[in-house]
Amino acid sequence: MLALGTDEFVISGILPDVARDLGVSPGTAGLLVAAFAITFAVGAPILAFLTDRLNKKAVLTWALVIFAVANLAVAVSDVFVLTLVLRAVAGLAAAAVSPTCMVIAGMAAPEGKSGRYLAVVTAGLTVALFTGVPFGAFLGDALSWRATFVLIAVVAALVAVLSAILAPSVPGGSPTALAARLAPVRNPRVLALVAAMFLSGAGGLMFYSYLGTIFTEQLGADSSDVTLALLLVGLVGVMAVFFGGYLTDRLSPRPARLVVLGGHCLALGALAAYFGLGAGFGFALFVLIAVWSVFAWALSPVIQAGIMSVADGQPMLAMSLGISGLYGGSAVGAALGGYLIDNFGPVAIPLVGTFWLAIAILCATVRPAPAVRDSADPVPVTAP
């Protein structure tokens with residue numbers, strides 16, 4: 001997950017060099033970001049359905065191999081169209097890796113610890129924001145943008161080998177009718193939680209995407225202040241992911257996600273009030289951002305654990321829908337945030353985000369599936 005997060009976000013820091021080397025404009029080069037994100041979001045549920053009957057360890061290992069090869073090919077490509085296709089292939093491979101990681105973690109976890117195991121997996125993306133991404137950008141600046149993709153390919157290849165050796169074997173789903181395999185798509189509990197994930201991504205990640213713009217345009221901060229704020233978000237975020245996992249195991253998924261979503265909504269509302277009252281740049285702002293980070297990054301393991309608990313025996317497809325909801329919400333939030341800043345100013349972003357999170361809370365009130373579903377035999381997990 002660290003490799004996936006680095007691959008997704010690092011290109012923003014090396015985009016000018018990529019554009020110059022491939023002979024395209026920065027705007028055109030930005031399609032490399034979109035190609036990865038779109039294929040990731042769209043491909044996750046499709047690949048989850050297609051690979052449902054396959055052993056999850058095998059899916060993880062081979063998807064990582066494809067991911068590594070695609071990134072290595074990007075590093076040597078001199079043609080923009082080919083690079084664009086390879087970025088889409090990397091996004092598809094990532095779409096297979098991410099939900100498979102979560103399913104293996106959730107199903108192989110000891111009873112009562114699935115939240116913490118999911119948190120470990122989710123932490124990879126959070127850690128990438130302040131380790132893999134800045135280091136990859138530094139490497140691109142010091143050597144070449146191509147070196148960054150070589151590094152990602154090497155890391156993915158090493159993880160593929162380690163997965164083949166160390167990952168627990170989780171068998172695929174048993175042969176079932178098509179309607180049964182598509183059950184999560186018709187499950188109102190799953191869809192409600194996917195909607196909560198979408199709204200949370202659109203509201204909370206919209207604020208994260210434009211945090212630097214809010215700091216500079218609303219508060220007159222400089223780039224060092226923005227860097228400090230992003231570092232704070234990343235550091236708190238890692239701890240918050242594990243907090244979300246612990247809370248899930250301690251309270252069970254439903255009350256845990258209501259606590260996290262409620263805290264997220266209140267924290268973002270407090271930031272909207274802070275900006276709306278014209279408060280200046282200071283220590284109080286960093287405290288509010290730290291509090292917001294706790295709930296914003298605790299979100300994914302909490303909701304994914306809830307999705308897994310109501311998935312009607314099809315956790316792979318259900319959890320991939322959750323991932324698509326998060327990435328789709330992030331994309332919508334980024335687009336909406338640009339409109340809000342241009343037309344209403346930076347303060348509108350946390351305000352609108354708070355409204356969307358309030359709706360997400362309503363979506364997240366769905367109750368677990370009836371207890372009768374829990375009578376099925378647990379999925380066997382074979383240690384290597």
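None of these values were measured; they are calculated from a predicted model.

Reading the values: rules and limits
Residues numbered from 1 in each chain as written. Predicted model: local features only at pLDDT ≥ 70, side-chain atom pairs only at ≥ 80, totals over all residues. Heavy atoms only, no water. Helix = DSSP H or I, 4+ residues; strand = E, 2+ residues; numbered from the N terminus. Buried < 20%, exposed > 50% of the residue type's maximum accessible area, 1.4 Å probe, protein only. Contact = heavy atoms within 4.5 Å. Areas by Shrake-Rupley, 256 points an atom, 1.4 Å probe, with all protein chains shown as cover. Salt bridge = Lys/Arg side-chain N within 4 Å of Asp/Glu carboxyl O. Axes fitted to C-alpha atoms, helices over the stretch in contact; angles between N-to-C directions. Parallel < 35°, antiparallel > 145°, perpendicular 65-115°, else oblique. Left-handed = near helix turned anticlockwise from the far one by under 90°. Nonpolar A, V, L, I, M, F, W, Y, C, P; charged D, E, K, R; others polar. pLDDT = per-residue confidence, 0-100. Patch = residues over 30% accessible without salt bridge, like charges linked within 9 Å, V, L, I, M, F, W, Y side chains within 5 Å. Phe/Tyr/Trp six-rings, centres within 6.5 Å; stacked < 30°, edge-to-face > 60°. Core = buried A, V, L, I, M, F, W, Y, C linked by side-chain atoms within 4.5 Å.

### Things to note about the overall build of the chain
Okay, so step 1: Secondary structure summary: the chain contains 19 helices and 0 strands in total.
Okay, so step 2: A buried classification covers 53% of the 384 residues belonging to the chain.
Okay, so step 3: Taking as baseline every contact in the chain between residues at least 6 positions apart, the subset at least 24 positions apart corresponds to 84%.
Okay, so step 4: Accessible area for the chain stands at about 15900 Å²; split by element, carbon and sulfur atoms hold 73% of it.

### A short note on the pattern of salt bridges
Note on pairing: side chains with opposite charge can pair once their charged atoms come close.
Okay, so step 1: Counting across every chain of the model gives 3 salt bridges.
Okay, so step 2: Of the charged contacts, one joins arginine 20 and aspartate 17 as a salt bridge, the two residues approaching to 2.8 Å between their closest N and O atoms. Here arginine 20 and its partner aspartate 17 are both found in helix 2 (residues 11–22), 3 residues apart, which amounts to about one turn of the helix.
Okay, so step 3: Overall, arginine 20 belongs to the exposed group, its relative accessible area being 60%.
Okay, so step 4: On the accessibility criterion, aspartate 17 (27% relative accessible area) is partly exposed.
Okay, so step 5: The partner of arginine 146 in a salt bridge is aspartate 21, with the nearest N and O atoms 3.1 Å apart. Remark: aspartate 21 occurs in helix 2 and arginine 146 occurs in helix 9 (residues 145–166); sequence separation between them is 125 residues.
Okay, so step 6: Taking the relative accessible area as the measure of exposure, arginine 146 reaches 16% and is therefore buried.
Okay, so step 7: We classify aspartate 21 as partly exposed; its relative accessible area is 41%.

### Some details on the packing of helix 12 (residues 188–209) against helix 19 (residues 348–363)
How two helices pack is summed up by the angle between their axes together with the distance between the axes.
Okay, so step 1: Contact geometry for helix 12 and helix 19: axes closest at 8 Å, N-to-C directions at 165 degrees. It follows that helix 12 is roughly antiparallel to helix 19 by the angle criterion. Remark: the crossing between helix 12 and helix 19 carries left-handed chirality. Packed against helix 12, whose contacting residues are Ala192, Ala195, Ala196, Leu199, Ser200, Ala202, Gly203, Met206 and Phe207, the element helix 19 presents Ile349, Pro350, Val352, Gly353, Trp356, Leu357, Ile359, Ala360 and Cys363 at the interface.
Okay, so step 2: The residue makeup of the contact of helix 12 with helix 19, split by class, is 15 nonpolar, 3 polar and no charged.

### Some words on the confidence of the model for the chain
Okay, so step 1: Residues with a pLDDT of 70 or more make up 89% of the chain, whose mean pLDDT is 80.
Okay, so step 2: Least confident of the elements in the chain is helix 10 (residues 178–181), whose mean pLDDT is 58; most confident is helix 5 (residues 56–76), at 93.

### Regarding helix 17 (residues 299–309)
Okay, so step 1: In terms of burial, helix 17 is a largely internal element, 10 of the 11 residues being buried.
Okay, so step 2: Those residues of helix 17 that fall on the buried side of the exposure criterion are Leu299, Ser300, Pro301, Val302, Ile303, Gln304, Ala305, Gly306, Ile307 and Met308.

### What to know about a nonpolar patch on the surface
Okay, so step 1: There is a patch of nonpolar side chains on the surface, built from Ile66, Val79, Val81, Leu82, Val85 and Val89 and spanning about 490 Å² of accessible area.
Okay, so step 2: In terms of residue count, the dominant contributor to the nonpolar patch is helix 6 (residues 80–108) (4 residues).
Okay, so step 3: For valine 85, a relative accessible area of 45% puts it in the partly exposed group.

### Focus: the side chain of arginine 87
Okay, so step 1: Mapped onto the fold, arginine 87 is located in helix 6.
Okay, so step 2: Once residues within four sequence positions are removed from consideration, arginine 87 is found in contact with Asp7, Glu8, Ile11, Leu32, Ala35, Phe36, Thr39, Asn71, Val74 and Phe149.

### Considering the packing of aromatic side chains
Okay, so step 1: Following the criterion strictly, the structure yields 5 aromatic pairs and no others.
Okay, so step 2: On the basis of an interplanar angle of 50 degrees and a centroid distance of 6.1 Å, the ring pair of phenylalanine 36 and phenylalanine 40 is categorised as tilted. Here phenylalanine 40 and phenylalanine 36 lie together in helix 4 (residues 31–50), a separation of 4 residues that amounts to about one turn. Residue phenylalanine 36 shares its accessibility class with phenylalanine 40, and that shared class is buried.

### Structural notes on unusual backbone geometry
Okay, so step 1: At serine 252, a position not held by glycine, the phi torsion is positive, near 90 degrees.
Okay, so step 2: Tracing the backbone through its elements, the reader meets serine 252 in the loop between helix 14 (223–251) and helix 15 (253–276).

### Quick word on the nonpolar core
Among soluble globular proteins, nonpolar side chains are generally buried collectively.
Okay, so step 1: By size, the foremost hydrophobic cluster in this structure holds 110 residues, and its most contacted members are Phe67, Phe207 and Phe215.
Okay, so step 2: Considering every element that reaches this core, the biggest residue donor is helix 6, with 13 residues.
Okay, so step 3: In this view, phenylalanine 215 contacts Gly220, Ala221, Asp225, Val226, Ala229, Phe281, Leu285, Phe286 and Ile289; residues no more than four positions away in its chain are not counted.

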